[in-house]
Amino acid sequence: MADAKVIPFDDDRSRARRRPGRADGEASAAVRALPGPQQGSQVPGEGPHDGRPGGGAVRDGLPGEGGEEVARAAGWERRLAGGLAFLRRRITGDYEVDEFGYDEELTDQVLMSLLRPLYEKYFRVEVKGVENIPAEGGALIVANHSGTLPLDGLMMQVAVHDHHPAGRHLRLLAADLVFVLPVVNELARKAGHTLACAEDAERLLRAGEIVGVMPEGFKGIGKPFGERYKLQRFGRGGFVSTALRAGVPIVPCSIVGAEEIYPMIGNAKTLARVLGIPYFPLTPTFPWLGPLGALPLPTKWTIQFGEPIPTDSYAPEAAEDPMLMFNLTDQVREQIQHTLYKLLVQRRSVFF
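Predicted, not measured: the structure shown is a model, and the values here were computed from it.

K.L.:
Even after reading the chapter, I still don't get the overall build of the protein chain, so can you show me in this structure?
P.N.:
Helix and strand counts for the protein chain come out as 10 helices and 11 strands. For the protein chain, with 352 residues in total, the buried portion stands at 45%. The contacts in the protein chain between residues at least 6 apart in sequence include a share of 75% that link residues at least 24 apart. Split by element, the accessible area of the protein chain, about 18200 Å² in all, is 60% carbon and sulfur.

K.L.:
Help me understand the nonpolar core, please; the structure alone is not making it clear to me.
P.N.:
One recurring pattern in soluble globular proteins is that nonpolar side chains are buried together. Residues Leu140, Val142, Phe239 and Val332 are the most contacted members of the largest nonpolar core, which totals 30 residues. Here the element with the most residues in this core is helix H10 (residues 322-346); it accounts for 7 residues. Dropping the residues within four chain positions of it, Phe239 is found in contact with Leu140, Val142, Val213, Pro215, Phe234, Thr329 and Val332. Ranked by size, the runner-up nonpolar core spans 29 residues in total, among them Ile210, Ile255, Ala258 and Tyr262.

K.L.:
What is the right way to read the pattern of salt bridges from this model?
P.N.:
Charged atoms that come close allow side chains of opposite charge to pair. Under the counting rule described, the total for this entry stands at 15 salt bridges. The shortest N-O distance in the salt bridge between Glu105 and Arg90 comes to 3.3 Å. Here Glu105, found in helix H3 (residues 104-122), pairs with Arg90, found in helix H2 (residues 67-92); they are 15 residues apart in sequence, far enough to count as distant. Both residues of the pair, Glu105 and Arg90, belong to the buried class. The shortest N-O distance in the salt bridge between Asp162 and Arg116 comes to 2.7 Å. One end of the pair, Asp162, is in helix H4 (residues 151-163); the other, Arg116, is in helix H3, and 46 residues separate them in sequence. According to the relative accessible area criterion, Asp162 is buried, its value standing at 18%. Where salt bridges share partners, they join Arg89, Arg90, Asp103, Glu105 and Lys190 into one cluster.

K.L.:
I would appreciate a short explanation of H2 in the present structure.
P.N.:
Each full turn of the α-helix corresponds to 3.6 residues, which orients residues three or four apart in the same direction. A rise of 1.5 Å per residue sets the reference length of H2, with its 26 residues, at 38 Å; its end C-alpha atoms lie 37 Å apart and thus fit the reference within 8%. Turning to H2, its buried residues are Gly67, Ala74, Gly75, Ala81, Gly82, Ala85, Phe86, Arg89 and Arg90.

K.L.:
Sorry, what's going on with the pairing of strand E5 (residues 170-174) here?
P.N.:
When a strand is regular, its side chains alternate between the sheet's two faces. The buried fraction of E5 amounts to 5 of the 5 residues, a majority that puts the element mostly inside the structure. Pairing between E5 and strand E7 (residues 210-213): 3 bridges, direction parallel. Pairing of Arg171 across the sheet is with Val211, part of E7. Inspection of the sheet shows E5 paired to strand E6 (residues 194-195) by 2 bridges, in the parallel sense. Looking at the pairing, Leu173 lines up with Thr194 of E6. With helix H5 (residues 184-190) bridging E5 and its parallel neighbour E6, the resulting β-α-β unit is right-handed.

What counts and how
Residues numbered from 1 in each chain as written. Predicted model: local features only at pLDDT ≥ 70, side-chain atom pairs only at ≥ 80, totals over all residues. Heavy atoms only, no water. Helix = DSSP H or I, 4+ residues; strand = E, 2+ residues; numbered from the N terminus. Buried < 20%, exposed > 50% of the residue type's maximum accessible area, 1.4 Å probe, protein only. Contact = heavy atoms within 4.5 Å. Areas by Shrake-Rupley, 256 points an atom, 1.4 Å probe, with all protein chains shown as cover. Core = buried A, V, L, I, M, F, W, Y, C linked by side-chain atoms within 4.5 Å. Salt bridge = Lys/Arg side-chain N within 4 Å of Asp/Glu carboxyl O. Expected span 1.5 Å × (residues − 1). Pairing = 2+ DSSP bridges. Right-handed = clockwise from strand over helix to strand, strands pointing away.

That is the geometry; function is a separate question.
Structure, rendered in structure tokens:
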């Protein structure tokens, strides 16, 4: 299999945005070359003079007699042609990744398609305030973290990808552990995730990307069920410093529903140390039911993006002011916590 072409991160081609399911020029050409009825054409053997009542001409995409079957067949042909063109590009290496390993085509056409049923059917995510994310330019989304496994970050990525009017992509900052796990490491890179370090985050933001960070880290995702929806410490405010240096707005994000997917009632610390992981969760179903116990509960989620906090009015040296960083960090944290409480009051139940 040929290697993909690596494009410079600031190349204009890397800024092109494609909506989910939109075929590229090559796939479209392949579809146009397919035999069969085109828009405004007449189906062979049928027409206004073929002697049959209501003779089934198909004009301007409006089905006549048998038109539904023709349209359905044409839809399958388009999907097949697009799929074959996609496979050919993957096999020949005729696709692009940026310097972080992000593969936009694979993310749009495969990874998002795999996550979307979980997002739409299982967790039934409701998104609010997505218009608060800028239509262009960089922005830093700061969210709470919970759920024992980091599904909240993935659902937030789908929310931005599918609901933002400009079809923007979210580049998540992930912990070191993600990039040492086999398979997970490769998938994370392909999906646009990168190491949670200030240098990578600032470079992405200056390039006009939407970057997501969850400052609670393992303290948030691995907290006991009894402390659900109580934000943990937001580190030392490194994300604020990064936003100040890049001059991009900070968008607070509150996620409700993730806390209950794996109610963590215990932590096998000795086993966690042996395995080299931050915690080993004990839930009402895991590990007692084996693999079945790893199935998340089908809770109802809400993701709300709050009003952005601008940073472009501060001088460049403001990033070195510890008091300013503390105040902005506390402002972001309080806004997320207040929204969490508000959403909890509004929801009818955990599952509906």
